[in-house]
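# Analysis of the macromolecular model
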Amino acid sequence: MPTPSRPGRTRKPGAWAVRESLIHGKGVFATRPIAPGERIIEYKGERISWPEALRRAERNGGPLNHTFFFTLSDGRVIDGGSQGNAARFINHSCEPNCEAMEHEDGRVYIYSLRHIDAGEELSYHYALIYEGRHTAAVKRAFACHCGAPSCPGVMLAPKRRAARKASA
């Protein structure tokens, strides 16, 4: 039975559907036009500690780049692969049409950055930080296939250069 809407409010039809993606595996696609700034979906999953996220990645035999982990500002992680929803299938893009925003209550929502046409794949920039050396093997593991003109070929954020120490 449908949930009644509040008087004076109109319910928008579902904004997205999960389908096969040309970027990577499954993707999330707009099923109707989405306005700029519209809240589309919450990123859900089990909330775990960072050490637990590392244990899970190791137990599954995969590197951290092939997980559904979303790091929160308090150091915890949302594991979208455990009790998660369709938001875990939103792919990375170097020129995204969405952004992920963490609210004060620790919930994460995906918002549109611009008008999105029906049929367009939703994407956001993962902003992945990898502290180790960015070797060729690491870059292959974190390869980006978004196809954006500005794509550097990897989903990794550039390493910050250490400030040179002034010599005395």
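Everything below is about the structure shown above.
Now for a description of the structure that goes with this document. Predicted model only: the values in this text are computed from it and were never measured.

On to helix H1 (residues 50-59). The complete set of buried residues in H1 reads Glu-52, Ala-53, Arg-56 and Ala-57. The arc enclosing the buried residues of H1, seen along the axis, measures out at 140 degrees, which places them on a common side. Opposite the buried face of H1, by more than 90 degrees, sit the exposed residues Glu-58 and Arg-59. Close packing links the buried residues of H1 with strand E4 (46-48), strand E5 (69-71) and strand E6 (77-79). Where H1 begins, the capping side chain belongs to Ser-49, and its oxygen is found 3.1 Å from the backbone nitrogen of Glu-52.

Right, let's talk about the packing of aromatic side chains for a bit. This structure, assessed with the given rule, holds four aromatic pairs. Taking 5.8 Å as the distance between ring centres and 80 degrees as the angle between the ring planes, the aromatic pair formed by Phe-68 and Phe-89 counts as edge-to-face. In this pair, Phe-68 sits in the loop between H1 and E5 while Phe-89 sits in the loop between E6 and strand E7 (91-92), placing the two residues 21 residues apart along the sequence. The partly exposed category is assigned to Phe-68, whose relative accessible area is 32%. The ring of Phe-29 carries the charged tip of Arg-19 above its face, separated from the ring centre by 4.3 Å. The side chain of Arg-39 reaches across the aromatic face of Tyr-109, ending 4.2 Å from its centre.

In this structure, Ile-40, Ile-90 and Leu-122 are the most contacted members of the largest nonpolar core, which totals 20 residues. Among the elements of the structure, strand E2 (26-30), strand E3 (39-43) and strand E9 (108-112) are those that each provide at least two residues to this core. Sort the elements by how many residues they give to this core and E3 lands first, with three residues. Apart from the residues within four sequence positions on either side, Ile-90 is in contact with Val-28, Ile-41, Ile-110, Leu-122, Ser-123, Tyr-124 and Tyr-126.

Rules used throughout
- Residues numbered from 1 in each chain as written.
- Predicted model: local features only at pLDDT ≥ 70, side-chain atom pairs only at ≥ 80, totals over all residues.
- Heavy atoms only, no water.
- Buried < 20%, exposed > 50% of the residue type's maximum accessible area, 1.4 Å probe, protein only.
- Helix = DSSP H or I, 4+ residues; strand = E, 2+ residues; numbered from the N terminus.
- Arc of directions from axis to C-beta.
- Contact = heavy atoms within 4.5 Å.
- Polar contact = N/O pair within 3.5 Å; in protein donor to acceptor, adjacent residues only side chain to side chain.
- Phe/Tyr/Trp six-rings, centres within 6.5 Å; stacked < 30°, edge-to-face > 60°.
- Lys NZ or Arg CZ within 6 Å of the ring centre and 35° of its normal.
- Core = buried A, V, L, I, M, F, W, Y, C linked by side-chain atoms within 4.5 Å.

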